[in-house]
Amino acid sequence: MYQALLTRRYLTRKIMPLLASLAVVLCTAMVLITWSVMGGFLRMLTESGRSLIGDVRIVWPQTGFAHYDDLIDRLEADPMIGAATPVIDTFASITLPDGRTDGVQVRGIDGPSFAKVTTYSDALYWKPLEQAVPRDKQREDPRLRARTRDNSPPTWEQLKDNGLALTRPDFATGEPVPAVVPGIEVTRLNLRETWGGYSPLKYRTLGADGSETLTDEFMPISGELTVRVFPLDSRGRPRESVPRVFPIANEFESGLYDVDSSTVLVHLETLQRMLRMDEAVRVVESVPLLGAEADPFADPFGGAQGFETEPARVTTVLVRHAQDDGDVDALRARCEEIYAEFAIAHVGEVPSSRQISIETWADANRTLIAAVEKETGLVLIVFTFISMTAVFLVLAIFWAMVSEKTRDIGILRALGAGQSGVAWVWVRYGGAIGIVGSTLGGALAWAIVSNINEIHDWMGQELGLYVWDPTVYVFKEIPREINPQHAAIVLIGGVASCLIGALIPAARAASMDPVRALRFE
Amino acid sequence: MTALDAQPATAAKPSQAQSMVRVHNLHKTYRMGRVRVPVLRGVDLHVDRGEWVAVLGSSGSGKSTLLHLIGGLDQADSADGTKLVVQDQDIARKSTRALNSYRTDTVGLIFQFYHLLPELSVVENVLLGAMIRLGRFRFWTKRGPLRERATELLSEFGLGHRLKHRPSELSGGERQRVAIARALINHPPLLLADEPTGNLDRDTGRSIVDAIEATRDRLQQTIVMVTHDREVAARADRIVRLTDGRVVDETPGSANEPKPN
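Residues numbered from 1 in each chain as written. Chains lettered and ligands numbered in written order. Predicted model: local features only at pLDDT ≥ 70, side-chain atom pairs only at ≥ 80, totals over all residues.

Trainee: What's the story with the overall build of chain A in this structure? I'm lost.
Mentor: When helices and strands are counted, chain A shows 19 helices and 19 strands. Taking all 521 residues of chain A together, 40% fall into the buried category. (Helix = DSSP H or I, 4+ residues; strand = E, 2+ residues; numbered from the N terminus. Buried ≥ 20, exposed ≤ 12 C-beta atoms within 10 Å, placed from the backbone.)

Rendered as structure tokens:
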């Protein structure tokens, strides 16, 4: 009983416990804020990584596999699977409107079905926007305007439709022609603004006479890209590169810089034709014999020749779970079963179920996710070590308080209080400081994390301090995620730290000789 | 019936011996670094139940050490024939836990410097002994009557209007009265007072001794009071003089003299 009374009185009538509580508040808040921001960062990163992958992907790279329509039919017939879409992933070089050439990943997609499996529709950047992005206080985002440019068509809605269909109306005929949708950072002709969005940039082109021309062009209306692909035949042998100029239909933003800066989406059938992965009757040449190759007089077409119908191929089939939060591991297992049946039905024409790669979105992004997870863990360890100072701070403060309260300890012992009873006063006291500090720290962290972007904006405006520069980071806002489990761990850790810090002073108080304690001055 | 008349926690049974404190060949040596300082060198003392004994001696004579040993705050040295018996309990052989119970049940301690806890109010300081003795649950169930008793004790010492004050808001005499009330809250049969007037002016000191004497008269408690004030010592039943750790003289005090009507 007296322990509770003394704990309450020591807690409310001394400055030192307030300081100790404050230290616990700050340490708790620091760890929680770090965990929330890093956790939010990880969540946004994984969601971004998932945005253009779907839940599970079935991959046979480079040469691709045939009869994918049958595979998709089989997949979509399963109740666990919401949708599936064919995709070709390959590498290409592109020539940008300002003359630069770059290497990119080209992804052939069927817009409508791709949008069913992924969040492609949301990822399309140039589209109607009713509400400004959170940091765009001045409503500078061009997408908020009624018209795309100069009060002339197309509308934002039309640009979005163009992006979904991967087509753009031809200037002369008005007929839709195959187009590309590059990542928002691919052309480098969009300026990332401080409010987190993009504005189109003017760019310089070099004329034949060496003169520079400043061009003010909006890519989804008049921009063009030259895409040069390097096809392989069904046996993986390289063919001649195939260039083609594409109008730009739209641009996309996945949230992953690597994807947004190096991926160009192309209409699937067009890419299939460029890569000779479409269905076609082709002359099949046998591989020349080694002996014949060595003979300079041998007929180079001396091998067996014939005609063969090659079915269309894709490198990847993306699959989405029927439920938004469905178990992707179970989905992968189901896809493996369906693919095994499919492989038996087309034995010899498609990779076997042992060869094919079937992986979840998390497997596909494991390098990225693992890196951020490790980074989060590392930062947490560092901050936890820093927070361990709270233990020593409580220890130091309690040591000083035990010294200051030596006579009180002597009085308690003289009145018959046992050693454990006296120790319990200080352990309770440490626990009370931990509970008060951790609770207030949790509340402080919650308040800061809930308003972290507003606080950050204020710091930027008033102090010129931008820690999270939207022109550098892909995310428009500082990510955050308040996880109750994490909060519970940190709060319990805060209380435990204080209890640990109080143990040694408590033991010291308990072991005091009452006579010496009473004589203490 | 007043709070002071309430039954003691360890009331003496008629069959028990009249002896309250029996001390024989008591030794205590302190170690000051490498130097051993003998403080008590074979003290013999006998205090009857209900007797008031004043231990008189100069500074360093060992009188406070003797009181601490009787109060179970310290352990005597082992020596041949050493005895420290209080109310038929051999204090020297008690465990630490048993000594804690002994201090809560048998002994009431009053100190020169009052030793009140500054964070607690007057009434909380008085109740502290009961809290320690009874523990959380038993104190909680008896908190009403105990608070009443504490209030009555303080009222009888003239502090009924100071219940919620802090010790820092009281005078020296008032603090010592609070300390006496605290010592009485558990009805101890033995009151040990270490220089209770040593930090007070003469008049206040006299009033404190009056309060202790009134308590003793009502409860028939045994009192061992350490003092260097001859006037205070003279009011006891018996005066024991301690010099260099030995009892050198015992004389009757004025309390044995018939009181004027």
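Moving on, there is more to tell.
Trainee: I'm lost on the overall build of chain B in this one. Help?
Mentor: Tallying secondary structure elements over chain B gives seven helices and 10 strands in all. Looking at chain B as a whole, 46% of its 261 residues qualify as buried. Of the contacts made within chain B by residues no fewer than 6 positions apart, 71% connect residues no fewer than 24 positions apart. (Contact = placed C-beta atoms within 7 Å.)

Trainee: Please explain the sheet that holds strand 9 (residues 238–243) of chain B as it appears in this structure.
Mentor: Two strands in a sheet stick together by hydrogen bonds in their backbones, pointing the same way (parallel) or opposite ways (antiparallel). Residue and element names in this part refer to chain B. The mixed open sheet is built from six strands, whose spatial order is 6-7-8-3-9-10. At either margin of the open sheet sits one strand with a lone partner, and together these are strand 6 (107–110) and strand 10 (246–252). The average angle at which neighbouring strand axes cross in this sheet is 20 degrees, direction not considered. On top of the sheet, helix 1 (residues 63–70) reaches strand 3 (52–56), strand 7 (190–194), strand 8 (222–227) and strand 9; it is set at about 150 degrees to strand 8, its chief contact. (Pairing = 2+ DSSP bridges. Axes fitted to C-alpha atoms, helices over the stretch in contact; angles between N-to-C directions.)

Trainee: When you look at the environment of His321(A) in this model, what are you seeing that I'm missing?
Mentor: Residues and elements named next belong to chain A. The topology assignment puts His321 in strand 18 (residues 316–321). With 21 C-beta atoms packed within 10 Å, His321 lands in the buried category. Residues His321 and Val56 lie 265 residues apart in sequence; the distance between their C-alpha atoms is 8.2 Å. If we skip the residues at most four places from it in the chain, His321 touches Asp55, Met80, Gly82, Gly326, Val328 and Leu331.

Trainee: How should I be thinking about the confidence of the model for chain A in this particular structure?
Mentor: Detail in the predicted coordinates should be disregarded across regions flagged by low pLDDT. Confidence in the prediction of chain A, expressed as mean pLDDT, is 84, and 92% of residues score 70 or more. Ranking the elements of chain A by mean pLDDT puts helix 10 (residues 290–294) of chain A last with 48 and strand 7 (residues 180–182) of chain A first with 95. (pLDDT = per-residue confidence, 0-100.)

Trainee: Is there a simple way to think about the sheet that holds strand 4 (residues 83–86) of chain B in this case?
Mentor: Residue and element names in this part refer to chain B. Ordered in space as 2-1-4-5, the four strands form an open sheet in which the pairing is antiparallel. Of all strands in the sheet, those with a lone pairing partner are strand 2 (35–48) and strand 5 (89–90), marking the two edges. Direction of pairing for strand 1 (residues 19–32) relative to strand 2: antiparallel, over a ladder of 11 bridges. For Met32, the partnering residue across the bridge sits in strand 2 and is Val35.

Trainee: What's the story with the pairing of strand 7 of chain B in this structure? I'm lost.
Mentor: Across a regular strand the side chains alternate sides, sitting on one face of the sheet and then on the other. Residue and element names in this part refer to chain B. Burial analysis of strand 7 places five of its five residues in the buried class, which makes it a mostly covered element. Pairing of strand 6 with strand 7 involves four bridges; the strand directions are parallel. Its bridge partner lying in strand 7, Leu109 is registered against Leu192. In the classification by handedness, the crossover that spans strand 7, the intervening helix 6 (residues 202–219) and the parallel strand 8 is right-handed. (Right-handed = clockwise from strand over helix to strand, strands pointing away.)

Trainee: How should the interface of chain A and chain B be read in this particular structure?
Mentor: Chain A puts 17 residues into the contact, and the matching count from chain B is 24 residues. Elements that contribute at least two residues to the side of chain A that touches chain B include exactly helix 1 (2–12), helix 15 (406–414) and helix 19 (514–519) of chain A. Here the residues of the side of chain A that touches chain B are counted per class, giving 11 nonpolar, two polar and four charged. (Nonpolar A, V, L, I, M, F, W, Y, C, P; charged D, E, K, R; others polar.)

Trainee: Sorry if this is basic, but what is going on with the nonpolar core here?
Mentor: Inside soluble globular proteins, nonpolar side chains tend to come together where they are buried. Val394(A), Trp426(A), Val55(B), Val126(B), Ala181(B) and Val224(B) are the most contacted members of the largest nonpolar core, which has 124 residues in total. Those residues in contact with Val55(B), other than ones at most four positions away along the chain, are Lys63(B), Leu66(B), Val224(B), Met225(B), Val226(B), Val240(B) and Leu242(B). Counting 65 residues, the second-largest nonpolar core is a separate cluster that includes Val106(A), Leu166(A), Ala179(A) and Val186(A). (Core = buried A, V, L, I, M, F, W, Y, C linked by C-beta atoms within 7 Å.)

Trainee: Whenever I open this one, unusual backbone geometry confuses me. Can you help?
Mentor: Glycine aside, a negative phi is what most residues show, and trans is what most peptide bonds show. The backbone phi angle of Asp88(B) is positive, close to 65 degrees, even though this residue is not glycine. Its location among the elements puts Asp88(B) in the loop between strand 4 and strand 5.

Trainee: Where do I start with the confidence of the model for chain B in this structure?
Mentor: Averaged over all residues, the pLDDT of chain B equals 82, while 91% of them reach at least 70. For residues 1–17 of chain B, every residue scores under 50 in pLDDT, and the model assigns this stretch 30 contacts once sequence neighbours within four places are set aside.

Trainee: Where do I start with the packing of helix 2 (residues 15–51) of chain A against helix 14 (residues 389–404) of chain A in this structure?
Mentor: For any two helices packed against each other, the geometry comes down to the angle between their axes and how far apart the axes lie. Residue and element names in this part refer to chain A. The contact between helix 2 and helix 14 brings their axes to 10 Å, and the two run at 175 degrees. Relative to helix 14, the element helix 2 is oriented roughly antiparallel. Residues Met16, Leu19, Ala20, Ala23, Val24 and Cys27 of helix 2 form the contact with helix 14, whose participating residues are Ala390, Leu393, Val394, Ile397, Ala400 and Met401. Tallied by class, residues from the contact of helix 2 with helix 14 come to 12 nonpolar, no polar and no charged. (Parallel < 35°, antiparallel > 145°, perpendicular 65-115°, else oblique.)

Trainee: How should I be thinking about the packing of helix 2 of chain A against helix 18 (residues 484–510) of chain A in this particular structure?
Mentor: Residues and elements named next belong to chain A. It is the contact of helix 2 with helix 18, at a shortest axis distance of 10 Å, that shows an interaxial angle of 155 degrees. Relative to helix 18, the element helix 2 lies roughly antiparallel. As for how helix 2 packs across helix 18, the hand of that crossing is right-handed. Along its contact with helix 2, which presents Val24, Cys27, Thr28, Val31, Leu32, Trp35 and Gly39, the element helix 18 presents His486, Ala487, Val490, Leu491, Gly494 and Cys498. For the contact of helix 2 with helix 18, the class distribution of residues is nine nonpolar, four polar and no charged. (Left-handed = near helix turned anticlockwise from the far one by under 90°.)

Trainee: When you look at the environment of Glu76(A) in this model, what are you seeing that I'm missing?
Mentor: Residue and element names in this part refer to chain A. You can see Glu76 is positioned in helix 3 (residues 68–76). Sequence-wise, Glu76 and Arg320 are 244 residues apart; in three dimensions their C-alpha atoms are separated by 9.5 Å. Beyond its immediate stretch of four places on either side in the chain, Glu76 contacts Ile81, Ala83 and Ala84.

Trainee: Hey, could you run me through the pairing of strand 9 of chain B in this one?
Mentor: Residues and elements named next belong to chain B. Bridge count for strand 3 against strand 9 is four bridges, and the pairing is parallel. Residue Leu56 lies in a different strand from strand 9, and its bridge partner there is Arg241. Across six bridges, the pairing between strand 9 and strand 10 is antiparallel. Paired with Thr243 across the bridge in strand 10 is Arg246.

Trainee: Any chance you could explain the environment of Ser353(A) here in plain terms?
Mentor: Residues and elements named next belong to chain A. Within the fold, Ser353 resides in the loop between helix 11 (328–345) and strand 19 (357–360). Along the backbone, Ser353 and Ile338 are 15 residues apart, and their C-alpha atoms lie at a distance of 9.4 Å. Setting aside its immediate chain neighbours within four residues, Ser353 contacts Glu336, Tyr339, Ala340 and Ala343.

Trainee: I keep staring at helix 1 of chain B and nothing clicks. Help me out?
Mentor: Residues that lie three or four places apart on an α-helix share one face, since the helix turns once every 3.6 residues. Residue and element names in this part refer to chain B. Counting buried positions over the eight residues of helix 1 gives eight, a clear majority of the element. All of the buried residues in helix 1 are Lys63, Ser64, Thr65, Leu66, Leu67, His68, Leu69 and Ile70. Positive backbone phi, at 75 degrees, marks Gly72, one or two positions downstream of helix 1.

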